[in-house]
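The lines below spell out each chain.
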Protein chains: 2
Amino acid sequence: MSEAELIAAIRRQAGAAAGALALGIGDDCAIYRPRGARDELLFTTDLLIEDVHFRRADHPAAAVGHKALARGLSDIAAMGAQAQFCLLSLALPEWADARWQRGFWRGFFALARRAGVTLAGGDLARAEKLACDIVGCGRAPRGLALRRDGARPGEAIFVSGLLGGSALGLETGRGKAWRRHLKPEPRLALGRFVRQRLKATAAMDLSDGLSIDLRRLCLASGVAARLDRPLPAFPGATLDHVLHGGEDYELLFTLPARARPPAFHDGVALTRIGAIEKGPAGQVECFGRPLAALGWDHFRR
Amino acid sequence: MSEAELIAAIRRQAGAAAGALALGIGDDCAIYRPRGARDELLFTTDLLIEDVHFRRADHPAAAVGHKALARGLSDIAAMGAQAQFCLLSLALPEWADARWQRGFWRGFFALARRAGVTLAGGDLARAEKLACDIVGCGRAPRGLALRRDGARPGEAIFVSGLLGGSALGLETGRGKAWRRHLKPEPRLALGRFVRQRLKATAAMDLSDGLSIDLRRLCLASGVAARLDRPLPAFPGATLDHVLHGGEDYELLFTLPARARPPAFHDGVALTRIGAIEKGPAGQVECFGRPLAALGWDHFRR
C-alpha cells in the first residue's frame, strides 16, 4: 500500500467532515469553525523521527527543534493563516541529555518567537529513538483558508523560492543547501499575502516534492496540470532535486490566469511554472511528457 | 531531572499564556478562546509508544487503537468538556501489516463513534517502533472548563470508579483487571456531569496514579490534601495498586464541603476519599502519614 492508499482507507472509515468540522482528512490542515466565531481554526500534525526524518549524527539539536516546529507552521502558511499556538509531543531517548535538550529548545523557541506562536502543551515520554509530533493551530477568516481543492482549468501555477535545495543539501551535507535542509523557513507571511492580496484559488506546501505534491493538489481539485516554464532551481540542484526533492517547504499555489503577482515578496521569488488544465484528475505533464510522482512516500516499497 | 522538573523548565521558556490562549502548559488540556465564540476549546496530546506504553506481544491491535484515543479523550473528560474532533500521528513499523492496521482502526473508530469524535487529520510515517500521538479537541462553555487549580481548603476530594485495576491487570495479565488495562473508558459523560451538575471546583484524570496525580492537583491549586476515607479499590488490587498504579483514567475532582453527590453516575461509583487542606502546596497525607508521590514518571531514575 502506498501512503495515498493508506490515507484513503483511513479516510473512508473516518467519514465526512460534518458540523463544526468544515474540512477533515486530505488537506494541509483540518478546518474547525467554532460556533459564533468570526474565524475558522486550522489544525495540523507532523512527525519528526530519528533515523526516519533526521539523523542524530549530522543534525544539530537546534536544527531538530527548529524543523520540528517548522514542519507544522509550513502547513499553516500553506492555508494562508495566522499561526496561533502549538503543542509538542516529545519522546526522548537516553542520549538526548540536558545539553542536547537545551539546544533543541533553543532552536524551537527561536522560531516560535519569530512566528508569534506559543507552546501551549504537549506530552513527554522516554523512547529508544527521538520522536517529535508537532500540533499547529492557525486562524483565518471564516471560509477563506486556502485549500488544495480550489484549482480550476486555465489558472496559473506558481511556486515560491527556489526548489531542490533541501534535497541537494541532504545529498552533499554542506554549504547553503545543507543549511536550507537543516533550517527550512515556513512561509507564514507569504501564505497570508498569497491569500489576501493575490487571491489564490488553491495552495499547499511543498513537503514531499513538486511532482507528488502538484499531483495531490490536482487530485484534490479534480484537474490536470502542465509544467511548461523554467523551474526556479536552488543553485547546484539537478532537475531531479527540483522535481522530486522533498522538504523545500516552499508554497505551491494557483492564481486566476489574468493575475500578475510581483516577482518577489519579501525577498522570496514568486515564479509561474505552468497552468491548470482540464484532463484526468492528478495528471501532470512536464514539457510535454507525463511526470511521474516520485516525491517522498513513506510506504512505497 | 524528573518529568516535573523537565516540564517546569520548558514552561519557563514557553512563557505565560496570553491573548486567545487562556491556559497553557500544566493542566490536562490547553484552553483557547476563539474571538467572538461562546465556547472555549481544549487541546491535549498523548503519546502511546511500543515498548514504552504497551507491548506488542500481549496488546491486541484493537486495544492499541482504543487506548491511543482513550488517553486523549480522558483529558477532555477531566475538564468537563464535549469531545469535538481528534488528529492522529501514527508511525508504523514493518511488522504492523494490513491485518494489524485493520484491528487498530477497528478499536480506534469504535471508541470514536461512541464518543462522537471525528478523526480530522494527522500524519503517517514509517518507524522502527510503533508510535501514536493523539490530539484531542474538546469544547466547554467559555470560562467553565474544569482545571486543576481551583481546589480550596475545606473542599471534599472525590474519585470515580475503582482504582488500581489497570496496575493489577498489567501485573497479572488476565481477567477483568487485564481487560481494564487494555480498554480504559474515558469518563466523558461523567466529566460533564461533574462540571455542570456537581459544580466541581477542580478536576483531572488519573493517568499516572492517585499519589502523583493528587499531588499535581494540589500543587496547581496551592493546597495540601488529606486522604482519610476508604479508597474504592478494584477487586484484587493492593493498596499499592490503588495509591500508585497508573492508567486507571478515572476522574479525581473536588467539590464544596456541603456537596452531596449521588453514590453512582451511570453505574460508575463516586467516592469521597478525603479533603483539601491548608498546608504546603502539594503535600498529601494518607491516614495521618505523608504519602510519597510514587506514580509513573518517565524520567525518574
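**Description of the overall build of chain A**
Scanning chain A for helices and strands turns up eight helices and 14 strands. For chain A, the C-alpha radius of gyration of 19 Å lies close to 19 Å, the compact-globule estimate for 301 residues. C-alpha atoms of chain A, sized along the principal axes, occupy 55 × 50 × 40 Å. Scored against the burial criterion, the 301 residues of chain A give a buried share of 58%. The contacts of chain A with a sequence gap of at least 6 include a subset with a gap of at least 24, amounting to 84%.

**Structural notes on the packing of helix α2 (residues 61-78) of chain A against helix α3 (residues 98-115) of chain A**
All names here are of chain A. Orientation of α2 relative to α3, taken along the N-to-C sense of each, is 35°, at an axis distance of 6 Å. In this structure, α2 crosses over α3, and the sense of that crossing is right-handed. Between α2 and α3, the contacting residues are A61, A62, A63, V64, G65, H66, A68, L69, A70 and L73 on the first element and W100, G103, F104, W105, R106, G107, F108, L111, A112 and A115 on the second. A breakdown of the residues in the contact of α2 with α3 according to their chemical character gives 15 nonpolar, four polar and one charged.

**Notes on unusual backbone geometry**
Residue and element names in this part refer to chain B. One non-glycine residue, D266, lies in the positive phi region at around 55°. With respect to the helices and strands, the residue D266 is situated in the loop between β11 (264-265) and β12 (268-277). A count of 9 C-beta atoms within 10 Å places D266 in the exposed class. Of note in the backbone geometry, F287 takes a positive phi value of approximately 50° without being a glycine.

**Observations concerning the domain arrangement of chain A**
Residue and element names in this part refer to chain A. Entries for chain A in the domain assignment read domain 1 (3-141) and domain 2 (148-290). For domain 1 and domain 2, the distance between their C-alpha centroids amounts to 21 Å. Across the contact, 20 residues belong to domain 1 and 20 residues belong to domain 2. Elements supplying a minimum of two residues to the side of domain 1 that touches domain 2: α2 and β4 (82-92). In terms of residue count, the dominant contributor to the side of domain 1 that touches domain 2 is α2 (10 residues).

**Considerations on the nonpolar core**
Judged by nonpolar contacts, the single largest core of 207 residues is most densely connected at L42(A), C86(A), A203(A), L42(B), C86(B) and A203(B). Ignoring any residue separated from it by four or fewer positions in sequence, one finds L42(A) in contact with C29(A), I31(A), I76(A), M79(A), A81(A), C137(A), G138(A), A140(A) and A145(A).

**Let's talk about the relation of the copies chain B and chain A**
Expressed as a screw transformation, the operator carrying chain B onto chain A has a rotation angle of 180° and an axial translation of 0.0 Å, and the superposed copies differ by an RMSD of 0.0 Å. Each copy turns onto its partner about a two-fold axis. Nearest to the rotation axis, the C-alpha of A37(B) is located 2.2 Å from it, this being the minimum over chain B. A share of 100% of interface residues in chain B that are also interface residues in chain A marks the association as one of identical surfaces.

**Section: the interface of chain B and chain A**
On the chain A side, the residues contacting the 54 residues of chain B number 54 residues. For the side of chain B that touches chain A, the secondary structure elements donating two or more residues are α1 (3-14), β2 (30-32), β3 (39-49), β4 (82-92), α3 (98-115), β5 (118-126) and β6 (131-141) of chain B. Sort the elements by how many residues they give to the side of chain B that touches chain A and β5(B) lands first, with nine residues. Looking at the side of chain B that touches chain A residue by residue, the class counts come to 32 nonpolar, 12 polar and 10 charged.

**Some remarks on the sheet that holds β3(B)**
Residues and elements named next belong to chain B. Strands sit in the order β1-β2-β3-β6-β4-β5 across an open sheet of six strands; the sheet is mixed. Two strands lie at the open edges of the sheet, namely β1 (21-23) and β5, each paired on one side alone. Along the sheet, successive strands turn relative to each other by an average axial angle of 20°, direction set aside. Relative to β2, β1 is paired through two bridges, and the arrangement is antiparallel. Considered in β2, the bridge of L21 is made with Y32.

Conventions adopted
- Residues numbered from 1 in each chain as written.
- Chains lettered and ligands numbered in written order.
- Predicted model: local features only at pLDDT ≥ 70, side-chain atom pairs only at ≥ 80, totals over all residues.
- Helix = DSSP H or I, 4+ residues; strand = E, 2+ residues; numbered from the N terminus.
- Rg over C-alpha atoms; globule rule 2.2 N^0.38 Å.
- Buried ≥ 20, exposed ≤ 12 C-beta atoms within 10 Å, placed from the backbone.
- Contact = placed C-beta atoms within 7 Å.
- Axes fitted to C-alpha atoms, helices over the stretch in contact; angles between N-to-C directions.
- Left-handed = near helix turned anticlockwise from the far one by under 90°.
- Nonpolar A, V, L, I, M, F, W, Y, C, P; charged D, E, K, R; others polar.
- Domains from an automatic or database assignment.
- Core = buried A, V, L, I, M, F, W, Y, C linked by C-beta atoms within 7 Å.
- Least-squares fit on C-alpha atoms with pLDDT ≥ 70 in both.
- Pairing = 2+ DSSP bridges.

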